[in-house]
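Survey of secondary and tertiary structure
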Amino acid sequence: MSRVQRQLSPNGDPAEGFSKTFQNRLILPLGSFQDRLVLPQRSREVAFTVPPTVSPLSPRRGLGECSPLSPRRMGSGDTTPVGSEYGGDSRTTTPSPGAFRGSFTDLSAVSGATCCLGGINPELYKTEELEGDLDQYPDDHIGRVWLQLEYHSEAEKLLVTLIKAKNLPSRLIGSINSCDPYVRLYLMPDERRYLQTKIRKKTCNPRFDETFGFQITAKELEERALKLTFYDVDRDKKHQVIGHVLFLLKDLYPWEGKRMLRRDLEREVSLSPRELGQLELSLCYNDNLERLTVTVGDAKQLKVDKELRQEKDEFQARIALMQQTKVTKTKKTAVAKGSDSPSFNESFHFKVTPDALDTTAVSVVVTVGKKSDNVVGRVQLGSFMFARGRALEHWNLMLSKKRQHVKQWHTLT
């Protein structure tokens, strides 16, 4: 007989001294497969209160308020039924006065700000407002741009940070999202090279936050202008011009730190070159001899900067042949003295093959004094890769009238 069977009386009741541990266990008859199956203890009884239904229209609770659906820490004033270790009897704590402590920190009490659980804190979504952000725009307004300029004299680099633009025109009337803008940045008068931003999709108020660098000396900076051209990419992938902005860099001197600028877009801008004088040039190309002839004629009313006025009126023209942006040969005229309208009247020949004409340019620079860097002005003639306007027309006219001298006046820039 087993030890357990000896503890039972003939009628099945537990014998005296039988451990209370086995009172809640049922012993099945021996010999069956359930000999060792023991039923678990009776589960503890825990009182449960159904929380009230929270209506979506009811006001939100603060983080420090008690919510029936949020966990909480037990306090001295809580009344909670707790099951006994072995039995089903329960005990209750005695209520005592005391403030309820939530398990979450009350952020409104810490920060002193009013906030709601699930609400939006507008302090987190504030953006920096720039000057002119809240202005009223006229009916014919086509946009406004904000940018920042900074020049590093040691590195000889101009940094342009394009911040944002607002109120760009939409392709659809009444819509503020029918615009896919981007911007090209030029250092005028050079329109061959430019830097470009990324395209911003479906917005008339794009935020760019892009920085671009131009390598340029401080002296050349006075002769240049920064041009921004805004484009819109339509549904047919065509790039339509929205408007332009032009900044004369000489008007921004002295360069001290960062300069924040804003400007309204214009439909047309023109960079009126400073009147530095005029120069007569003649071009001729002989395809049989593969020879390009450049003749420097007369000059009129050459303007010298204040810094160079102490130099004597000794002018000289320097002609440089460029092929694929590289200077391959340079020649100079004789020095012309005694007048601000000198006559050079010298011709120079260069060897150029017909297939290289599209990548060839001629640069003529007029200097004053003995130093070669005392530049009065320059003219650059060539194909579309190098020249624009009257200089390009002169080059194309030379190609159409081969073996003929084509003479024109050009304004120095």
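Only a predicted model underlies this, so the values are computations on that prediction, with no experimental measurement involved.

Moving on to the sheet that holds strand E19 (residues 406-411). The four strands lie next to each other as E16-E12-E11-E19, forming an open sheet whose pairing is antiparallel. The open sheet has two edge strands with one neighbour each: strand E16 (343-351) and E19. Strand-to-strand twist of the sheet, defined as the mean angle between neighbouring strand axes without regard to direction, takes the value 20 degrees. As judged from the six bridges shared by strand E11 (residues 278-286) and E19, these two strands associate in the antiparallel manner. Counted as the bridge partner of Leu-281 is Gln-408 from E19.

We now examine the pattern of salt bridges. For the coordinates displayed, the defined rule picks out six salt bridges. For the salt bridge of Arg-207 with Asp-209, the shortest nitrogen-to-oxygen distance reads 3.1 Å. Overall, Arg-207 belongs to the partly exposed group, its relative accessible area being 41%. The exposure class assigned to Asp-209 is partly exposed, which follows from its relative accessible area of 46%. Residue Lys-407 is joined to Glu-280 by a salt bridge in which the shortest nitrogen-to-oxygen separation is 3.9 Å. Of this pair, Lys-407 sits in strand E19 while Glu-280 sits in strand E11, and the two are 127 residues apart along the sequence. You can call Lys-407 exposed: its relative accessible area is 55%.

Structurally, a disulfide amounts to a covalent bond that connects the sulfur atoms of two cysteines. The full count for this structure, using the stated rule, is zero disulfides. In this model Cys-179 remains outside any disulfide bridge; the closest cysteine sulfur is found in Cys-204, 4.8 Å from its own.

Ranked by internal contacts, the top residues of the largest apolar core, which has 34 residues, are Leu-279, Leu-292, Val-296, Phe-344, Val-352, Val-362 and Trp-395. Listing elements by their share of this core, those giving two or more residues are E11, strand E12 (291-300), strand E13 (314-323), E16, strand E17 (360-368), strand E18 (375-382) and helix H4 (389-400). Setting aside chain neighbours within four positions, we find Leu-292 in contact with Cys-284, Tyr-285, Leu-321, Phe-348, His-349, Phe-350, Val-352, Val-362, Trp-395 and Met-398.

Time to look at the sheet that holds strand E10 (residues 259-264). As summarised here, the arrangement of the four strands in space is E7-E4-E3-E10, forming an open sheet in which the pairing is antiparallel. At either margin of the open sheet sits one strand with a lone partner, and together these are strand E7 (207-215) and E10. Strand after strand, the sheet turns through a mean of 25 degrees between neighbouring axes, direction not considered. Note that strand E3 (residues 144-152) and strand E4 (residues 157-166) share nine bridges and pair antiparallel. Note on E4: the bridge partner recorded for Leu-149 is Val-160.

To continue, consider H4. Spanning twelve residues, H4 covers 17 Å between terminal C-alpha atoms, matching the ideal 16 Å at 1.5 Å per step. Within H4 the residues assigned to the buried category are Ala-391, Leu-392, His-394, Trp-395 and Met-398. The buried side chains of H4 occupy one side of the element, clustering within an arc of 160 degrees when seen end-on. Within H4, the exposed residues directed more than 90 degrees away from the buried face are Glu-393 and Ser-400. On its buried face, H4 is in contact with E11, E12, E17, E18 and E19.

Let's shift gears to the environment of Arg-403. As for its position among the elements, Arg-403 is in the loop between H4 and E19. A relative accessible area of 47% places Arg-403 in the partly exposed class. Measuring from C-alpha to C-alpha, the distance between Arg-403 and Cys-284 comes to 5.9 Å, with 119 residues separating the pair along the chain. The residues touching Arg-403, leaving out its near neighbours within four places in the chain, are Cys-284, Tyr-285, Asn-286, Asp-287 and Asn-288. A polar contact of 2.5 Å, which involves the side chain of Arg-403, links it to the side chain of Asp-287.

It is worth spelling out the confidence of the model for the protein chain at this point. Parts of the model with low pLDDT should not have their predicted coordinates read in detail. Across the protein chain, the average pLDDT comes to 74, with 64% of residues at 70 or higher. In this model residues 18-24 is a low-confidence stretch, pLDDT under 50, and it forms two contacts with partners more than four residues away in sequence or in other chains. The low-confidence segment residues 66-115 (pLDDT under 50) makes 50 contacts with residues lying over four places distant or belonging to another chain.

The next thing to look at is the side chain of Glu-210. Relative to the helices and strands, Glu-210 is located in strand E7. Residue classification places Glu-210 among the buried positions, given a relative accessible area of 15%. When neighbours within four sequence positions are excluded, Glu-210 is seen to be in contact with Val-160, Thr-161, Leu-162, Thr-197, Lys-198 and Arg-200.

On to unusual backbone geometry. With phi around 65 degrees, Lys-237 is a residue other than glycine that occupies positive phi space. Assignment of secondary structure puts Lys-237 in the loop between strand E8 (225-233) and strand E9 (239-248). Not every positive phi belongs to a glycine, and Arg-403 is a case in point at roughly 65 degrees.

Let's shift gears to a positive patch on the surface. The grouping of Lys-201, Lys-202, Arg-235 and Lys-237 at the surface amounts to a positive patch. When you line up the elements, Lys-201 lands in the loop between strand E6 (190-196) and E7.

This part is about the environment of Leu-185. Locating Leu-185 in the fold gives a position in strand E5 (residues 181-188). Take Leu-185: its relative accessible area is 0%, and that puts it in the buried class. Setting aside chain neighbours within four positions, we find Leu-185 in contact with Val-160, Arg-193, Tyr-194, Leu-195, Thr-197, Phe-212, Phe-214, Lys-227 and Leu-228.

Cut-offs and rules
- Throughout, residues of each chain are indexed from 1 in the direction in which the sequence is written.
- Local features in a predicted model are, by the rule used here, given only for residues with pLDDT of at least 70; side-chain atom pairs are given and counted only at 80 or more, and totals for whole chains, interfaces and linings are based on all residues.
- Processing note: side-chain calculations cover all non-hydrogen atoms of the structure and skip hydrogens and water entirely.
- For two strands to be treated as a pair, DSSP must find at least two bridges joining them.
- In DSSP terms, a helix is any run of H or I states spanning at least four residues, a strand is any run of E spanning at least two, and both are numbered starting from the N terminus.
- Only the contacting stretch of a helix is used when fitting its axis, a line to C-alpha atoms as for every element, and angles between N-to-C directions run 0 to 180 degrees.
- The salt bridge criterion pairs a side-chain nitrogen of Lys or Arg with a carboxyl oxygen of Asp or Glu, the two atoms within 4 Å.
- Each residue is placed in one exposure class: buried if its accessible area under a 1.4 Å probe, protein chains only, is under 20% of its type's maximum, exposed if it is over 50%, and partly exposed if it falls in between.
- Cysteine sulfur atoms are paired as a disulfide whenever they fall within 2.5 Å.
- Definition of nonpolar core: a set of buried residues of the types Ala, Val, Leu, Ile, Met, Phe, Trp, Tyr and Cys, connected through side-chain atoms within 4.5 Å.
- Any two residues whose heavy atoms approach within 4.5 Å at even a single point are treated as in contact.
- By this rule, a helix spans an expected 1.5 Å times one less than how many residues it contains.
- The directions considered for the arc are those from the helix axis to the C-beta atoms.
- Each polar contact in these results corresponds to two N or O atoms within 3.5 Å; when the atoms are within protein, one needs to be able to donate a hydrogen and the other to accept it, and residues that are neighboring in sequence are counted only if both atoms are side-chain atoms.
- pLDDT is a per-residue confidence score from the predictor, ranging from 0 to 100.
- Patch membership is restricted to residues that have no salt bridge and whose relative accessible area is over 30%. Joining uses 9 Å for like charges and 5 Å for the nonpolar side chains Val, Leu, Ile, Met, Phe, Trp and Tyr.
- Per-residue accessibility takes into account occlusion by the displayed protein chains alone, with areas from the Shrake-Rupley method and a 1.4 Å probe.
- His is not counted, nor are the chain ends, whereas Lys and Arg count as positive and Asp and Glu as negative.
- All charge positions are set by atom: Lys at NZ, Arg at CZ, Asp at CG, Glu at CD.

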